[in-house]
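Descriptive structure summary
So you can see what is in the structure, the chains are spelled out below.
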Amino acid sequence: MPITVKDYSWDETESTVHVTVPLKGVKPNKADIFSTDEYLKVNYPPYLFEVVLYQAVDDAKSTAQVGGGAVVFSLHKKEPGVWSRLTSTQSDDKELMKSKRQQAIEVAHKRAKREQEEKAKAKREQERYTLQQQMKIEGEEKRRIEETKEAERRKATEDLENWNESKLNEQQVTSADVAPPPKDPSCIFNNDDGDLPEVRNSQSDTSTVSTQRNEDDLPPAPRLRGNIEVTFTPRVFPTPMRESKAAEEEEWLRKQAEARKPVDIDDPDLTEEEKNPQWLKEKGDGFFKSGNFLAAVNAYNMAARLNGKLPSVYSNRAACHLKLRNFMKCIEDGSKALELLTPPVPANAMSRVRCHIRRGTAFCELELYAEGLQDYEAALKLDPKNEKLKADADRIRQVVQGTLPELD
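To keep things clear, this report deals only with the structure shown in the data block. Since the model is a prediction, treat every value here as computed from it, not as a measurement. (Residues numbered from 1 in each chain as written. Predicted model: local features only at pLDDT ≥ 70, side-chain atom pairs only at ≥ 80, totals over all residues. Heavy atoms only, no water.)

1. Re the sheet that holds strand E7 (residues 57-67)
With antiparallel pairing, four strands are arranged side by side in an open sheet as E2-E3-E8-E7. The sheet is open, and its two edges are formed by strand E2 (9-12) and E7, each paired on a single side. Along the sheet, successive strands turn relative to each other by an average axial angle of 15 degrees, direction set aside. Sheet analysis places E2 next to strand E3 (residues 16-22), joined by four bridges and oriented antiparallel. (Pairing = 2+ DSSP bridges. Helix = DSSP H or I, 4+ residues; strand = E, 2+ residues; numbered from the N terminus. Axes fitted to C-alpha atoms, helices over the stretch in contact; angles between N-to-C directions.)

This is the structure we're talking about:
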């Protein structure tokens, strides 16, 4: 049974009440303080201070300070006035105390839940604002690059036009300096014998040229007609029939189709792009490649809230958490991605390899080498020709067996 504290002191004004509870040598960090509008409690084993107030106070404006071997409550009255006593007139009623205590706990739970929801909402708003600002910066940078490219293109076009114009002017000047051909007809027919040159039969020459021209203008002979038979299989996966997992493959395709269905979100604060989980996932991929892992996590968070069935979102967010050294979150996201990457088929084998490697790395960073080795061996079964993966698995196996010091 706790020892009830009776030697507390209190004083009041028209608007405030001050209550001093001695800690009796108990360390301040051992004191558990709880208060509502009508109820105060300080639990510091083996002592217990508990009162139902005479009237209600404003708990939001009230404070409690621990120091100097005591807990000092500064309470603000809801209605100004003199109380003349601290406790309720019905404080001796055990049932009343029990009900007040229960009501106080319920009020505190509701308040804590409300504060948690408000905090979560504020966090989402901050994440969305951060993502919007990052996209705005990225858009401005893209626009700047496009403007630079356009300016360079215009400059290159102008230089090319100027060069063409200068070449044209040079050609005109050169043609003006060349002498024209002679116009004396005698020089055309002049020869050593003084006779006119032999005149050929113009009709025969014309017919020869015409025949040659007609032969050149004829189109090529048409190609021979034929038929080509093409056969193919309508199956999506290239697995041989003797090793077929047609049912699992069809289920995987169905799950992928369902995950990619557009999501109808009625939120006027979101743009059309921000309502598209695939677009958010691609933005997160871009942030990850640029090294902005926090922005990538924010983008993946929004994508996961809109559609929690995309395994790539959780797998890529696990990679971000691994970079940020949030190893427990990396393990959680890797496990979630592996749950979504079912049934196991060749189409999602490499995705499962990446998830196992990321989760196994996080386990090893937490010095849980046995669990990490299990993930690496699972990845090695899916990708047995990966030499680097083999080497890493061997090193972890040596650590587990005690033949190699712990990994750095």
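Anyway, onward from the coordinates.
2. Re the pairing of E3
The turn linking E2 back onto E3 is made up of three residues. In the sheet, E3 pairs with strand E8 (residues 70-77) via seven bridges, with the strands oriented antiparallel. Looking at E8, one finds that proline 22 is bridged to alanine 70.

3. Regarding the nonpolar core
Residues Leu131, Leu280, Phe287 and Val313 are the most contacted members of the largest nonpolar core, which totals 26 residues. For this core, the secondary-structure elements that each account for two or more residues are helix H1 (94-177), helix H4 (246-259), helix H5 (277-289), helix H6 (293-306), helix H7 (311-323) and helix H8 (327-340). Counting residues per element, this core draws most heavily on H6, which supplies nine residues. Residue contacts for leucine 280: discarding those within four places in its chain leaves Leu131, Glu273, Glu274, Ala299, Met302, Ala303 and Leu306. Counting residues in each nonpolar core, the second largest holds 20 residues, with Val17, Ala31, Phe49 and Leu53 among its members. (Core = buried A, V, L, I, M, F, W, Y, C linked by side-chain atoms within 4.5 Å. Buried < 20%, exposed > 50% of the residue type's maximum accessible area, 1.4 Å probe, protein only. Contact = heavy atoms within 4.5 Å.)

4. Looking at unusual backbone geometry
Put simply, proline 45 and proline 46 share a cis peptide bond, and its omega is 10 degrees. With respect to the helices, strands and loops of the structure, proline 46 is situated in the loop between strand E5 (39-44) and strand E6 (47-52). Omega for the bond connecting threonine 342 with proline 343 falls within 30 degrees of zero, at -5 degrees, which places this linkage in the cis form. Mapped onto the elements of the fold, proline 343 is located in the loop between H8 and helix H9 (349-365).

5. What about the packing of aromatic side chains?
Tallied over the full model, the rule gives five aromatic pairs. For the ring pair tyrosine 54 and tryptophan 83, a centre distance of 6.2 Å and an interplane angle of 50 degrees mean the geometry is tilted. With a gap of 29 residues between them, tyrosine 54 in the loop between E6 and E7 and tryptophan 83 in the loop between E8 and H1 connect regions that are remote in the sequence. On the accessibility criterion, tyrosine 54 (32% relative accessible area) is partly exposed. In this structure, lysine 336 packs its charged tip against the face of tyrosine 314, placed 6.0 Å from the ring centre. (Phe/Tyr/Trp six-rings, centres within 6.5 Å; stacked < 30°, edge-to-face > 60°. Lys NZ or Arg CZ within 6 Å of the ring centre and 35° of its normal.)

6. Side note on the sheet that holds strand E4 (residues 32-35)
Taking strand neighbours across the sheet as the criterion, the four strands line up as E1-E6-E5-E4 in an open arrangement whose pairing is mixed. The strands lining the two open edges of the sheet, one partner per strand, are strand E1 (3-4) and E4. Pairing analysis gives two bridges linking E1 to E6, with the strands arranged parallel. Pairing of threonine 4 across the sheet is with leucine 48, part of E6.

7. Some details on the packing of H6 against H7
The N-to-C vectors of H6 and H7 enclose an angle of 155 degrees; their axes lie 9 Å apart at closest approach. Overall, the two elements H6 and H7 adopt an arrangement that is roughly antiparallel. Judged by the twist between their axes, the crossing of H6 over H7 is left-handed. Contacts between H6 and H7 involve Phe293, Ala296, Val297, Tyr300, Asn301, Ala303 and Ala304 from the former and Val313, Tyr314, Asn316, Arg317, Cys320, His321 and Lys323 from the latter. Class assignment for the residues of the contact of H6 with H7 results in nine nonpolar, three polar and two charged. (Parallel < 35°, antiparallel > 145°, perpendicular 65-115°, else oblique. Left-handed = near helix turned anticlockwise from the far one by under 90°. Nonpolar A, V, L, I, M, F, W, Y, C, P; charged D, E, K, R; others polar.)

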